[in-house]
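Structural overview
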Amino acid sequence: MKERTQKRVIRFGEAFVLVVIFVIIFVLASGRFPTGIAILLCAMVSAAYGVAALKIKWDDIYQNILAMFAKGMSAVIILLMVGLISASWLASGTIPALVIMGLKILTPSTFLVAAFIASAIVSIATGSSWTTCATVGVALMGVANGIGVPVGIAGGAIVSGCWIGDKWSPLSDTTNLGAAMTGEDVIDVWKKMLPTSGIGAVIAAVIFAVMGLRYAGSGMDKEKIRFLIDGISGQYKINLVLLLIPIVVVVVLAAKKMPVLPVLVLGIVLAFGIAVFYQGKDPGELLNALYNGYVTDTGVAEIDKLLTGGGMLDMMGIMLIIFCAFILAGTLESVGVMSALISKMGKITGNRGTLVLSSYISAVLCTYLGGTAYTGVVLNTGMFEQPYKDAGLDKLTMARSLLEGSGHTNALVPWCGSHVLIVSTLGITFKDFLPFYYSFWVSSILLIVYGFTGWFMGKKS
């Protein structure tokens, strides 16, 4: 006889209701209580429903949660390295040197397009939006504050460049995952995204260039710029060749596909050496700064804001959110919420246009619920392989749809490591940069248009 407590599979309607409850919780949480608490509340609802209604054993849910921690700890370690990178590069003068360069070269009218292109190029070269955001992005945001460009618009240009460069890079882990899951060559996947991410990058650059013209007539406060440059120079010895060595080494080695953790550690060690032997910093105080964050106290708020930050403690709040996200992801996988939703999505694809749109929405949804772009790619590949085959479309087309849906979305999910990194390094949230996240909007629109028109769609041979 079957046990009365035998677990059952969740239905689509139940999964949909749970998602609605999650959305309500996050809406109510906005501005009222921390994101981490909202995530835990969702996890509690999911786990309680799994145990009470679906008869899932708590031990199974708990083991899935632990498995999520095991999978995601590499991201947590990288976040720790980012905190150390920020503090050491502030102490060495690397980031301040980049800020001075930007203040001298960029103007309000050219900043947005320059920030977008620079961020995109570095992300394509390294395959890492995180590395670009934590280094070049921090310096560019400092320049934006100096020349009077609103932080939301500046953040939109920086984030657009970082994430479209990452998604479109043959070195990106997400792009390589999409290639591996579909059994295609990563260069072929990269080429397939030319009509979406490639053209999207060009259109986004044009938009940022036009937007920059809005600030052309306003002019810069040259006295403020000179004040900031003098203030920064008064805290450091400025030798551009020497101070840019850490960032050049990190970018070059990352572009050569060296393991990211050793590369970041090398960047920290180089910056530590420059801070001690060139800038004359006390080693003990510098080690303390690596843990607590680098602090500059000149008495001038604008300069202190530019030259303060980083450290391991600065990452603690971020990691707590990610830990909460691991718990939510573990409960969702145990209950089967995403699988139920994806299964329904795969059945409603009646033609090529709705197929592309459905796979895109499914990738966005899975990335949102799972807190990482990996879930958007992995969970949807098997689900949509047969529908794409039935529609006469090749796997490269499917890979493009899933990557366009997941590659940009992780920057918008409050409990995703990418968004948390943006908050900690650039000091903005998705609400600030979403209206100006043009690489996301343009690439998504192009993908959907191609699906319904048949343009740039690969036919299965």
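Preceding block: the structure.
The structure displayed is predicted, hence computed values, not measured ones.

A few points about the nonpolar core
Note that soluble globular proteins tend to have their nonpolar side chains buried in a common cluster. Grouped together as the largest cluster of nonpolar side chains are 104 residues, with contacts concentrated most on Phe111, Leu112, Trp163, Phe208 and Ile422. It is helix 3 (residues 58-92) that provides the largest number of residues to this core, a total of 12 residues. Tryptophan 163 has contacts with Ser129, Trp130, Cys133, Gly407, His408, Asn410, Ala411, Ser418, Ile422 and Tyr437, leaving out every residue within four places of it along the chain. In this structure, Leu18, Val335, Ala340 and Val413 belong to the second largest nonpolar core, which totals 31 residues.

Concerning the packing of helix 14 (residues 260-277) against helix 15 (residues 283-292)
Between helix 14 and helix 15, whose axes approach to 10 Å, the crossing angle comes to 140°. Viewed along their axes, helix 14 and helix 15 adopt a mutual orientation that is oblique. As for the relative orientation of helix 14 and helix 15, their crossing is right-handed in sense. Contact with helix 14, carried on its side by Phe272, Ala275 and Val276, involves Pro283, Leu286, Leu287 and Leu290 of helix 15 and no other residues of that element. Considering only residue class, the contact of helix 14 with helix 15 consists of 7 nonpolar, no polar and no charged.

Description of unusual backbone geometry
If you check the backbone angles, lysine 55 has positive phi at about 60° while not being a glycine. Tracing the backbone shows lysine 55 in the loop between helix 2 (35-52) and helix 3. Given the relative accessible area of 38%, lysine 55 is considered partly exposed. Its identity is not glycine, yet phenylalanine 456 carries a phi of approximately 55°, on the positive side.

Observations regarding helix 24 (residues 438-453)
An ideal rise of 1.5 Å per residue puts 22 Å on 16 residues; helix 24 measures up with 22 Å between its terminal C-alpha atoms. Tyr438, Ser439, Phe440, Val442, Ser443, Ser444, Leu446, Leu447, Tyr450 and Gly451 are the residues of helix 24 that are buried. Just beyond helix 24, the residue with positive phi is glycine 454, at close to 90°.

Describing the pattern of salt bridges
This model, assessed by the stated rule, comprises 5 salt bridges. Where glutamate 14 meets arginine 11, a salt bridge forms, and the shortest distance between an N and an O atom there is 3.8 Å. Since its relative accessible area comes to 14%, glutamate 14 is described here as buried. Taking the shortest distance from any N to any O, the salt bridge between lysine 395 and glutamate 385 comes out at 3.3 Å. In this pair, lysine 395 is assigned in helix 21 (residues 395-407) and glutamate 385 in helix 20 (residues 373-390), connecting sequence segments 10 residues apart. A cluster of three or more residues bridged by salt bridges with shared partners is formed by Arg8, Arg11 and Glu14.

What counts as what
Residues numbered from 1 in each chain as written. Predicted model: local features only at pLDDT ≥ 70, side-chain atom pairs only at ≥ 80, totals over all residues. Heavy atoms only, no water. Core = buried A, V, L, I, M, F, W, Y, C linked by side-chain atoms within 4.5 Å. Buried < 20%, exposed > 50% of the residue type's maximum accessible area, 1.4 Å probe, protein only. Helix = DSSP H or I, 4+ residues; strand = E, 2+ residues; numbered from the N terminus. Contact = heavy atoms within 4.5 Å. Axes fitted to C-alpha atoms, helices over the stretch in contact; angles between N-to-C directions. Parallel < 35°, antiparallel > 145°, perpendicular 65-115°, else oblique. Left-handed = near helix turned anticlockwise from the far one by under 90°. Nonpolar A, V, L, I, M, F, W, Y, C, P; charged D, E, K, R; others polar. Expected span 1.5 Å × (residues − 1). Salt bridge = Lys/Arg side-chain N within 4 Å of Asp/Glu carboxyl O.

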